[in-house]
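Examination of the molecular architecture
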Amino acid sequence: MIAGGVEVKISRLESIVEQIGEAVLSTTETIERLAERVENLSYQVEAQGKQLQQQGYQIFALCDAVQSLAESQDDSLQKLTQLTQTLDKLTSLIQGVDDEI
């Protein structure tokens, strides 16, 4: 009887050890899958960071271009104002000559 009881206990222990082994394997596989997902997410975050940096450079370049355009437009406006003033003077002179005739 004692031998039978020992065998039952050994059988139960073997079953428990087997279940623990299966749980460890399952946990290891899950951890490996999670590690792969974390690694993939890490690559995605890195790629998005590079993309954001590139967009920042593009925004900076666009701001610089807009500023250059604004300065160019200001210069053009000043030249147009000078041209308008010159045309006004010329018109006045022509009208003065017409008045004398």
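Above this text you will find the structure in question.
What comes next concerns the included structure. In this text the structure is predicted, and so the values were computed from the model without any measurement. (Residues numbered from 1 in each chain as written. Predicted model: local features only at pLDDT ≥ 70, side-chain atom pairs only at ≥ 80, totals over all residues. Heavy atoms only, no water.)

Our focus in this paragraph is the overall build of the protein chain. Scanning the protein chain from N- to C-terminus turns up 1 helix and 0 strands. Expected size for 101 residues packed as a compact globule is a radius of gyration near 13 Å; at 43 Å, the protein chain overshoots this value by more than 25%. If you line up the protein chain on its principal axes, its C-alpha atoms span 145 × 15 × 10 Å. Here the protein chain holds 101 residues, and 0% of them are scored as buried. Summing over all exposed atoms, the protein chain offers an accessible surface of approximately 9,500 Å²; the carbon and sulfur share of this is 61%. (Helix = DSSP H or I, 4+ residues; strand = E, 2+ residues; numbered from the N terminus. Rg over C-alpha atoms; globule rule 2.2 N^0.38 Å. Buried < 20%, exposed > 50% of the residue type's maximum accessible area, 1.4 Å probe, protein only. Areas by Shrake-Rupley, 256 points an atom, 1.4 Å probe, with all protein chains shown as cover.)

Let us look at a negative patch on the surface. Together, Glu29, Glu32, Glu36 and Glu39 make up a region of like negative charge exposed at the surface. Relative to the helices and strands, Glu32 resides in helix 1 (residues 2-100). Residue Glu32 is classed as partly exposed on the basis of its relative accessible area, which comes to 48%. (Patch = residues over 30% accessible without salt bridge, like charges linked within 9 Å, V, L, I, M, F, W, Y side chains within 5 Å. Salt bridge = Lys/Arg side-chain N within 4 Å of Asp/Glu carboxyl O. Lys, Arg positive; Asp, Glu negative; His and termini not counted. Charge placed at Lys NZ, Arg CZ, Asp CG, Glu CD.)

Going through the model one piece at a time under the given rule, you end up with 1 salt bridge. Among the salt bridges present, the one from Lys50 reaches Glu46, with a minimum N-O distance of 3.7 Å. One end of the pair is Lys50 and the other is Glu46, both in helix 1 and 4 residues apart, which spans about a single turn. A relative accessible area of 43% places Glu46 in the partly exposed class.

A cluster of nonpolar residues, Leu77, Leu80, Leu83, Leu87, Leu90, Leu93 and Ile94, forms a patch on the protein surface that exposes about 690 Å² of accessible area. Considering the arrangement of structural elements, one finds Leu90 in helix 1. Leu90 sits in the partly exposed class, given a relative accessible area of 44%.

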